Amino acid sequence: MSPPLLEVRDLTIEFMTDEGRITAVDHVSFALERGQTLGIVGESGSGKSVATRAVIRLLTDNALVGERSAINLTRRDGRQVDILGLASGSSELRQIRGGEVSMIFQEPMASFSPLRTIGTHMVEALQLHERVSKAEATRRSIELLERVGIADAAGRFRQYSFELSGGMRQRAMIAMALVTRPSILIADEPTTALDVTIQAQILQLLRELQEEMGMAMIFISHDLGVIAQIARNVAVMYLGRVVEEGPTRDVIFEPRHPYTRGLIQAIPRLDAGQRRLTPIGGDIPSPLARPSGCPFHTRCGERLEGRCEARVPDPREVAPSHVVSCHLHD
Ligand code: SF4
């Protein structure tokens, strides 16, 4: 059996801060196959962004990665590399970052320098990863700007990001991320700052582009409703751990973890009349005061006294490919 396109194994990431050591990602493992979309959902502070940024080694200098952690990528030429084992600044890491694995963010301004035009960004990105002439890079960039739904693409190519509306900037960022035809796109809350109509258009666009280009995608969101629209599989994260994962339909229609059930009850539904939304009680604990045992025990209404705070639950398969870490399923 061929290895998955991406395999994140036993990923642990801690940060050294003035206040102490913080565990942001705690023994996380997942795999991504070609063309597949994996959703990662959780509140802020769940570790979802840190875990995925590690895939392109976008971590701050105070980050410590666990010794047994590995991020294995099957490269375009079929070779497997552990991204964590590559020297920072190595040419192989540069080829992977932005070439084979690209990332888009909630705030597109973070991706564009205000001193360079959209076109300059795209041409530079393409020429960094492929031997193409400037004319060819320009042609491909304008073609992609058109494909992502930007009217007057040749004109926009010469503009700066601050001259575009929020939705247009988001489309331009997607075009820039995809100009190198990556095998994996990491989308970190790309629709969170957009209004609902534009959000739906961007999700539709990402689905179409993914199919056309055959790329895999990791889609991060705090909103399970958005994940349901785009990802076939989902991993639910809480305080740095994956607490439930499986096919999105199964996780949404038959959630087995109390935290996932809480997330679902907090989603507004048009067909639910006057039904009250039930937010998850309490706040996510400070990472400096990480709870013992199950990380969710301080907020869980189904806590088993004497057990949940004492021992971290092991992952258990409760249905095909549906895995839960909760003592209720021991
Ligand atoms: Fe709740 Fe215990 Fe399950 Fe954690 S292990 S989610 S505290 S029941």
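Refer to the preceding data block for the structure.
Residues numbered from 1 in each chain as written. Predicted model: local features only at pLDDT ≥ 70, side-chain atom pairs only at ≥ 80, totals over all residues. Heavy atoms only, no water.

Mind showing me how you'd approach the overall build of the protein here?
Within the protein, the secondary structure is distributed over ten helices and 13 strands. Relative to the 2.2 N^0.38 estimate, which gives 20 Å for 330 residues, the radius of gyration of the protein is 21 Å and therefore close to what a compact globule would have. Judged by the C-alpha coordinates and their principal axes, the protein covers about 70 × 50 × 45 Å. By the burial criterion, 50% of the 330 residues in the protein qualify as buried. A fraction of 63% describes how many contacts in the protein between residues 6 or more apart in sequence connect residues 24 or more apart. Carbon and sulfur atoms provide 50% of the accessible area of the protein, an area that totals close to 15,900 Å². Side chains of the protein carry 38 positive and 41 negative charges; the gap between the two charge centres is 2 Å. (Helix = DSSP H or I, 4+ residues; strand = E, 2+ residues; numbered from the N terminus. Rg over C-alpha atoms; globule rule 2.2 N^0.38 Å. Buried < 20%, exposed > 50% of the residue type's maximum accessible area, 1.4 Å probe, protein only. Contact = heavy atoms within 4.5 Å. Areas by Shrake-Rupley, 256 points an atom, 1.4 Å probe, with all protein chains shown as cover. Lys, Arg positive; Asp, Glu negative; His and termini not counted. Charge placed at Lys NZ, Arg CZ, Asp CG, Glu CD.)

Help me understand the side chain of His121, please; the structure alone is not making it clear to me.
You can see His121 is positioned in helix H3 (residues 118–129). When its relative accessible area of 9% is taken as the criterion, His121 is described as buried. A polar side-chain atom of His121 sits 2.9 Å from the main-chain carbonyl oxygen of Thr117. Residues contacting His121, with those up to four places away along its chain left out, are Ser111, Phe112, Ser113, Arg116 and Met176. (Polar contact = N/O pair within 3.5 Å; in protein donor to acceptor, adjacent residues only side chain to side chain.)

Honestly, the sheet that holds strand E13 (residues 322–325) in this entry has me stumped. Any pointers?
In sheet architecture, strand pairing relies on hydrogen bonds along the backbone and comes in two forms, parallel and antiparallel. The strand order across the open sheet built from eight strands is E7-E8-E9-E3-E10-E11-E13-E12, with neighbouring strands paired in mixed fashion. Edge positions in the open sheet fall to strand E7 (101–104) and strand E12 (315–319), since each of these has one partner strand only. When strand polarity is set aside, the average angle formed by the axes of neighbouring strands in this sheet is 20°. In this structure, E12 lies alongside E13, joined through four bridges in antiparallel fashion. Along E13, the bridge assignment pairs Glu317 with Val323. Where helix H10 (residues 258–265) meets the sheet, its contacts fall on strand E3 (37–41), strand E10 (233–238) and strand E11 (241–247), and the angle it forms with E10 comes to roughly 105°. (Pairing = 2+ DSSP bridges. Axes fitted to C-alpha atoms, helices over the stretch in contact; angles between N-to-C directions.)

What am I meant to see in unusual backbone geometry here?
Note on backbone geometry: most residues besides glycine have negative phi, and most peptide bonds are trans. Even without being a glycine, Asp10 presents a positive backbone phi close to 50°. The residue Asp10 is located in strand E1 (residues 6–17) in this model. What makes Asp10 buried here is its relative accessible area of 15%. You will see that Arg57, though not glycine, has its phi angle at about 55°, which is positive.

Explain the side chain of Glu92 to me, please; I cannot follow it from the model alone.
Within the element layout of this structure, Glu92 appears in helix H2 (residues 91–96). Judged by relative accessible area, which is 18%, Glu92 ranks as buried. Only 3.1 Å separates the side chain of Glu92 from the side chain of Arg79, close enough to count as a polar contact.

In this structure, what is going on with the site of the ligand? I would like to understand it.
Around the ligand, a shell composed of His257, Pro258, Cys294, Phe296, His297, Cys300, Glu302, Cys308, Cys326, His327 and Leu328 is seen. The residue inventory of the shell around the ligand, partitioned by class, reads seven nonpolar, three polar and one charged. (Near = heavy atom within 4 Å. Nonpolar A, V, L, I, M, F, W, Y, C, P; charged D, E, K, R; others polar.)

Quick question: what am I supposed to make of the nonpolar core here?
Soluble globular proteins tend to pack their nonpolar side chains together in the buried interior. By size, the foremost hydrophobic cluster in this structure holds 54 residues, and its most contacted members are Leu145, Ile174 and Leu206. Tallying contributions element by element places helix H6 (residues 166–178) first for this core, with seven residues. Setting aside residues up to four positions removed in sequence, Ile174 forms contacts with Ile104, Val148, Ile202, Leu205, Leu206 and Leu209. With 36 residues, the next largest nonpolar core counts Leu38, Ala63, Ile83 and Ile96 among its residues. (Core = buried A, V, L, I, M, F, W, Y, C linked by side-chain atoms within 4.5 Å.)

Sorry if this is basic, but what is going on with the pairing of E3 here?
Successive residues of a regular strand alternate their side chains across the two faces of the sheet. By the criterion of burial, E3 is predominantly enclosed, with five of the five residues buried. Of the two faces of E3, the one carrying Thr37, Gly39 and Val41 and the one carrying Leu38 and Ile40 are both buried. With five bridges connecting them, E3 and strand E9 (residues 216–221) associate as parallel partners. The residue of E9 that forms the bridge with Thr37 is Met217. By the bridge criterion, four bridges tie E3 to E10 in an arrangement that is parallel. From the neighbouring strand, Ile40 faces E10, where its bridge partner is Ala235.

Explanation requested: the environment of Gln229 in the structure shown.
With respect to the element layout, Gln229 can be found in helix H8 (residues 224–230). Spatially, the C-alpha atoms of Gln229 and Gly35 are 16 Å apart, while their sequence positions differ by 194 residues. Ignoring anything within four residues of it in the chain, the contact list for Gln229 reads Leu203 and Arg207.

Would you mind showing me how to read the packing of aromatic side chains here?
Note on aromatic pairs: each is described by the distance of the centres and the angle between the planes. Enumeration over the complete set of coordinates arrives at four aromatic pairs. Between the aromatic rings of Tyr238 and Tyr259, the centroid separation amounts to 4.7 Å while the plane-to-plane angle is 55°, which identifies the pairing as tilted. One end of the pair, Tyr238, is in strand E10; the other, Tyr259, is in helix H10, and 21 residues separate them in sequence. Considered together, Tyr238 and Tyr259 belong to a single accessibility category, that of buried residues. (Phe/Tyr/Trp six-rings, centres within 6.5 Å; stacked < 30°, edge-to-face > 60°.)

Keep in mind that these numbers describe shape and distance, not what the molecule does.
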